[in-house]
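Here are the chains, one letter per residue:
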Amino acid sequence: MPRPLFMNKEQNSEKSILSLSSDTQNVKKTYLESPKDRERILRQKRSKEYIDFLTKLDTGNVDAQTRINAVLEEVRKEFPLIEIPGDFVGYCSKCYLGKEYEVHMVDFAGYIIEHFKVGQPMPGVMENARSLAMDEHYELIEVYTKCIRTVDENGNVSVIPI
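Residues numbered from 1 in each chain as written. Predicted model: local features only at pLDDT ≥ 70, side-chain atom pairs only at ≥ 80, totals over all residues. Heavy atoms only, no water.

Engineer: Run through the sheet that holds strand E4 (residues 140-144), naming residues and quoting values.
Structural biologist: Ordered in space as E3-E2-E1-E4-E5-E6, the six strands form an open sheet in which the pairing is antiparallel. If you trace the sheet from one side to the other, it starts and ends with strand E3 (112-117) and strand E6 (157-161), each paired once. Direction aside, the axes of adjacent strands within the sheet are offset by 20° on average. The pairing of strand E1 (residues 88-94) with strand E2 (residues 101-107) spans five bridges and is antiparallel. From the neighbouring strand, Gly90 faces E2, where its bridge partner is Asp107. (Pairing = 2+ DSSP bridges. Helix = DSSP H or I, 4+ residues; strand = E, 2+ residues; numbered from the N terminus. Axes fitted to C-alpha atoms, helices over the stretch in contact; angles between N-to-C directions.)

So this is what it looks like as structure tokens:
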């Protein structure tokens, strides 16, 4: 005999997967595991809020840890289904602290924000992003272990394998 999908309270003595519950403590954050889905999301246009936040790292008088936490929170808002940092190394963009400074970076591995003077070498794959960060066509550069994603002022993303 078929079982009814909806039962009254007396009949619903045990919870099923269709039961509604206010118990949200056991809900886990779900991230996309498929590389294809992840890649699709990372190719999507970036929001204006995301770009504005990340291009204003030179402003304000906030300690580095607070700023790193804010950057990570902004990234998680932009990519809620992707585990951050994962293979996301960090950001690089033009620095506006003065003539002697060229670029700055946000490094997720070391949880640091650092400003680089003209000619001062950047660590690892971040150096690959330096010339792109200086290019007037890009607002910010996202650096990953296997690629660089350039983001223009409209949020359009281009992928460059490394």
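Engineer: Give a detailed account of the confidence of the model for the chain, specifying residues and quantitative values.
Structural biologist: In the predicted model, the chain carries a mean pLDDT of 80, and 78% of its residues have values of at least 70. Within the chain, the element-level pLDDT minimum falls on helix H3 (residues 64-78), averaging 85, and the maximum on strand E5 (residues 147-151), averaging 97. (pLDDT = per-residue confidence, 0-100.)

Engineer: Let's hear about the pairing of E4: which residues, and what values?
Structural biologist: With respect to burial, E4 is a largely interior element, five of its five residues being buried. The side-chain alternation of E4 yields two buried faces, one formed by Leu140, Glu142 and Tyr144 and the other by Ile141 and Val143. As paired strands, E4 and E5 are joined by four bridges and run antiparallel to one another. Across the sheet, residue Val143 finds its bridge partner in E5, namely Ile148. Hairpin remark: E4 followed by E5, antiparallel, with two residues in the connecting loop. (Buried < 20%, exposed > 50% of the residue type's maximum accessible area, 1.4 Å probe, protein only.)

Engineer: Describe the pattern of salt bridges, and please don't skip the residues or the numbers.
Structural biologist: Evaluated as defined, the whole model comprises nine salt bridges. The closest approach of N and O atoms between Arg149 and Glu39, which form a salt bridge, is 2.9 Å. Of this pair, Arg149 sits in strand E5 while Glu39 sits in helix H1 (residues 35-42), and the two are 110 residues apart along the sequence. Among the residues examined, Arg149 registers a relative accessible area of 2% and is labelled buried. For Lys48, the salt bridge is made with Asp52, and the minimal N-O distance between the two is 3.2 Å. Placement of the pair is Lys48 and Asp52 together in helix H2 (residues 48-54), with a separation of four residues, close to one helical turn. When its relative accessible area of 58% is taken as the criterion, Lys48 is described as exposed. Within the structure, one salt-bridge network assembled from shared partners comprises Glu39, Arg43 and Arg149. (Salt bridge = Lys/Arg side-chain N within 4 Å of Asp/Glu carboxyl O.)

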